[in-house]
Number of protein chains: 2
Amino acid sequence: MTAVTVQCCAPIAREPLTEDDAAELAVLLKAVADPVRLRLLSMIGSHAGGEACVCDLTAAFDLTAPTISHHLKVLRTAGLIDSERRGTWVYYWIIPSAVARLGELFTPLAEPASV
Amino acid sequence: MTAVTVQCCAPIAREPLTEDDAAELAVLLKAVADPVRLRLLSMIGSHAGGEACVCDLTAAFDLTAPTISHHLKVLRTAGLIDSERRGTWVYYWIIPSAVARLGELFTPLAEPASV
DNA sequence: TCCATAATTCGAAATCTATCTAAATTATAC
DNA sequence: GTATAATTTAGATAGATTTCGAATTATGGA
């Protein structure tokens, strides 16, 4: 036998969020609620080797370097990505646990009761 | 034996999002990237009976009725909640599949390889 | 039919966000 | 030193967002 668990509801729907928790969560969600940042996140995450050079990222958009830099900083401040300089270039990678935490907010806690 | 699955990565990080997909997703994420709407969503979802009256929701905030109405409309337009008038009052409930879809974006597809 | 209440819609004000240009700054390689 | 990659800063602008008060719609009861 496997799952005794009950498909309840996303953590966000189990009990009302406090005002403070909601404010904090909104900051995290705002970080990903932008088309450019979503693409940056997915480009970084899907890049070979798990990391991407800013030079590649900037080249993929029709935006200036300062603008890309700004978006990367928003993602970084939110704790979703991290970076390191190696020689001339700066590389970014995803922090999987942070992204997973986002997912857990909306995902039912338990597996569906075995069908 | 249970899981042969590999913990890969969130769908968002498997391959780069197209510009169109990113734009569409951003709309959905923007809907939840607001403290008031997050609280509304969690209040509706955690309310006894699975639905909540606008009158209860409005009373819980220090905001006017039109403002709450606006936020409910954003959530509704995003497909996250639905509503029905019953007599004098209007009731809202969560659309679980829509909320779950949000979660799936950031959740690793597979269970962790059995430890 | 008229009135009171619940909720939404409308229109406007204040604020925030994304983006640019341009310039300055930092770090590294040659 | 000089060139390149990237970030930061400042100021500017266009557009989106949050919020309100007033007007509107829908319903139930006197």
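Everything discussed here concerns the structure shown above.
A brief report on the enclosed structure follows. From a predicted model like this one, the values you see are computed outputs, not experimental measurements.

**Details of the packing of aromatic side chains**
So, step 1. On inspection of all chains with the given rule, the structure shows zero aromatic pairs over all chains.
So, step 2. One residue, Arg86 of chain A, lies across the ring of Tyr91 of chain A, its end atom 4.6 Å from the ring centre.

**A closer look at the protein's contact with DNA strand C**
So, step 1. With respect to spatial proximity, 24 residues lie near DNA strand C, and among them Thr67 and His71 of chain A together with Cys55, Ser69 and Tyr92 of chain B are the closest.
So, step 2. Here, DNA strand C places atoms within 4 Å of the protein, and 85% of those atoms are sugar or phosphate.
So, step 3. Measuring from a phosphate oxygen of DNA strand C, one finds a side-chain N or O atom of Thr67 of chain A at 2.5 Å.
So, step 4. A distance of 2.7 Å is found between a phosphate oxygen of DNA strand C and a side-chain nitrogen or oxygen belonging to Tyr92 of chain B.
So, step 5. Within the residue set of the surface near DNA strand C, elements represented by two or more residues are α2 (35-46) and α4 (65-77) of chain A together with α3 (54-59), α4 (65-77) and β3 (89-94) of chain B.
So, step 6. Grouping the amino acids of the surface near DNA strand C by side-chain chemistry returns eleven nonpolar, eight polar and five charged.

**Let's talk about the pairing of strand β2 (residues 81-86) of chain B**
All names here are of chain B.
So, step 1. Sheet analysis places β2 next to β3, joined by six bridges and oriented antiparallel. Note that in β3 the partner of Arg85 across the bridge is Val90.
So, step 2. Hairpin remark: β2 followed by β3, antiparallel, with two residues in the connecting loop; positive phi at Gly87, about 70 degrees.

**Structural notes on the nonpolar core**
So, step 1. The biggest cluster of nonpolar side chains holds 68 residues, and the ones touching the most others in it are Leu38 and Leu80 of chain A together with Leu38 and Leu80 of chain B.
So, step 2. Setting aside residues no more than four positions away along its own chain, Leu38 of chain A makes contact with Val32 of chain A together with Ile12, Leu17, Ala22, Leu25, Ala26 and Leu29 of chain B.

**Description of the protein's contact with DNA strand D**
So, step 1. Taken together, 24 residues form the shell around DNA strand D, and within it Ser69 and Tyr92 of chain A together with Asp34, Thr67 and His71 of chain B come nearest.
So, step 2. When the atoms of DNA strand D within 4 Å of the protein are grouped by moiety, sugar and phosphate amount to 80% of the total.
So, step 3. In the model, a phosphate oxygen of DNA strand D is placed 2.6 Å from a nitrogen or oxygen of the Tyr92 of chain A side chain.
So, step 4. For DNA strand D, a phosphate oxygen lies 2.7 Å from a polar atom in the side chain of His71 of chain B.
So, step 5. For the surface near DNA strand D, the secondary structure elements donating two or more residues are α3 (54-60), α4 and β3 (89-94) of chain A together with α4 of chain B.
So, step 6. Considering only residue class, the surface near DNA strand D consists of ten nonpolar, eight polar and six charged.

**Observations regarding the sheet that holds β2 of chain B**
Residue and element names in this part refer to chain B.
So, step 1. Sheet architecture is open: three strands sit in the order β1-β3-β2, paired in antiparallel fashion. Pairing within the sheet leaves two strands with one partner each, and these edge strands are β1 (51-53) and β2. Adjacent strand axes in the sheet meet at a mean angle of 25 degrees when their direction is disregarded.
So, step 2. Sheet strands touched by α4: β2 and β3. Its angle to β2, the strand with the most contacts, is close to 120 degrees.

The rules behind the values
- Residues numbered from 1 in each chain as written.
- Chains lettered and ligands numbered in written order.
- Predicted model: local features only at pLDDT ≥ 70, side-chain atom pairs only at ≥ 80, totals over all residues.
- Heavy atoms only, no water.
- Phe/Tyr/Trp six-rings, centres within 6.5 Å; stacked < 30°, edge-to-face > 60°.
- Lys NZ or Arg CZ within 6 Å of the ring centre and 35° of its normal.
- Near = heavy atom within 4 Å.
- Polar contact = N/O pair within 3.5 Å; in protein donor to acceptor, adjacent residues only side chain to side chain.
- Helix = DSSP H or I, 4+ residues; strand = E, 2+ residues; numbered from the N terminus.
- Nonpolar A, V, L, I, M, F, W, Y, C, P; charged D, E, K, R; others polar.
- Pairing = 2+ DSSP bridges.
- Core = buried A, V, L, I, M, F, W, Y, C linked by side-chain atoms within 4.5 Å.
- Buried < 20%, exposed > 50% of the residue type's maximum accessible area, 1.4 Å probe, protein only.
- Contact = heavy atoms within 4.5 Å.
- Axes fitted to C-alpha atoms, helices over the stretch in contact; angles between N-to-C directions.

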